[in-house]
Amino acid sequence: MTQPHSTAKGEAIGLVVKLPFATPEEFVARYGANVTRGGIYLRAKTVKPPGSTVTLDLKLADGSRIIHATAVIHFVTGQAGQGISGMGFRFLSVDPATQQFLDSAIAPLPHAQSPLPPSRPGWGPRMRPSPRGCSRLRR
């Protein structure tokens, strides 16, 4: 995965991720549990604070785009010394091709109707933005 990079103050962080999947079908079969119609969870060595706005550009191994979205970091995991380091992104907007992919390939999955990114117990405590804008841990 490439690292997020900040743009001018107040703008979205750009995040381009080249996934190790050859086809959309392989992506769904191997990673579909981490995607809902409302968001996606991605493992990451470096995380940005919850509440940060991100432009996601997820690509298959051949460089073809599979998801392009503006999202907000809904939670981060693995920051309390336990669990998997990563971020849960809640989609704010997606491009038409991404919407078609979510509607056709992701929507049939049992968990996919959630408007939020998926969360699994093994990922560890989740850090989310607090009402005052500061981050805090939630179990």
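Scroll up a little and you will see the structure.
Residues numbered from 1 in each chain as written. Predicted model: local features only at pLDDT ≥ 70, side-chain atom pairs only at ≥ 80, totals over all residues. Heavy atoms only, no water.

Trainee: Go over helix H1 (residues 24-31), please, and point to the residues and values.
Mentor: Phe 27, Val 28 and Tyr 31 are the residues of H1 that are buried. Taken around the axis of H1, the buried residues stretch over an arc of 105 degrees, which confines them to a single face. Turned more than 90 degrees away from the buried face of H1, the exposed residues are Glu 25, Ala 29 and Arg 30. Next to the buried residues of H1 lie strand S2 (35-36), strand S3 (39-43), strand S5 (65-77) and helix H2 (96-106). (Buried < 20%, exposed > 50% of the residue type's maximum accessible area, 1.4 Å probe, protein only. Helix = DSSP H or I, 4+ residues; strand = E, 2+ residues; numbered from the N terminus. Arc of directions from axis to C-beta. Contact = heavy atoms within 4.5 Å.)

Trainee: Can you explain the packing of aromatic side chains? Please cite residues and give values.
Mentor: All told, the structure shown has 5 aromatic pairs when counted by the stated rule. Measuring from ring centre to ring centre gives 6.1 Å for Phe 21 and Tyr 31, while their planes differ by 45 degrees; the resulting arrangement is tilted. Here Phe 21 is found in the loop between strand S1 (13-18) and H1, whereas its partner Tyr 31 is found in helix H1, with 10 residues between them in sequence. For Phe 21, a relative accessible area of 6% gives the class buried. Ring-pair connections join several aromatic residues into one group, and the members of that group are Phe 21, Phe 27, Tyr 31 and Phe 101. (Phe/Tyr/Trp six-rings, centres within 6.5 Å; stacked < 30°, edge-to-face > 60°.)

Trainee: Pulling in residues and values, what's your account of the side chain of Asp 95?
Mentor: Tracing the backbone shows Asp 95 in the loop between strand S6 (86-94) and H2. Buried charge Asp 95 goes without a salt bridge, the closest partner of opposite sign being Arg 65 at 4.0 Å. At 2.6 Å, the side chain of Asp 95 forms a polar contact with the side chain of Thr 98. Other than its neighbours up to four places away in sequence, Asp 95 contacts Arg 65 and His 68. (Lys, Arg positive; Asp, Glu negative; His and termini not counted. Salt bridge = Lys/Arg side-chain N within 4 Å of Asp/Glu carboxyl O. Polar contact = N/O pair within 3.5 Å; in protein donor to acceptor, adjacent residues only side chain to side chain.)

Trainee: Break down the pattern of salt bridges for me, citing the residues and quoting the values.
Mentor: Summed over all chains, the structure comprises 4 salt bridges. Across the pair Asp 57 and Lys 59 runs a salt bridge, and its minimum N-O distance is 3.7 Å. A salt bridge links Arg 65 to Asp 57; the shortest N-O distance between them is 2.7 Å. The structure contains a network of salt bridges with shared partners spanning Asp 57, Lys 59 and Arg 65.

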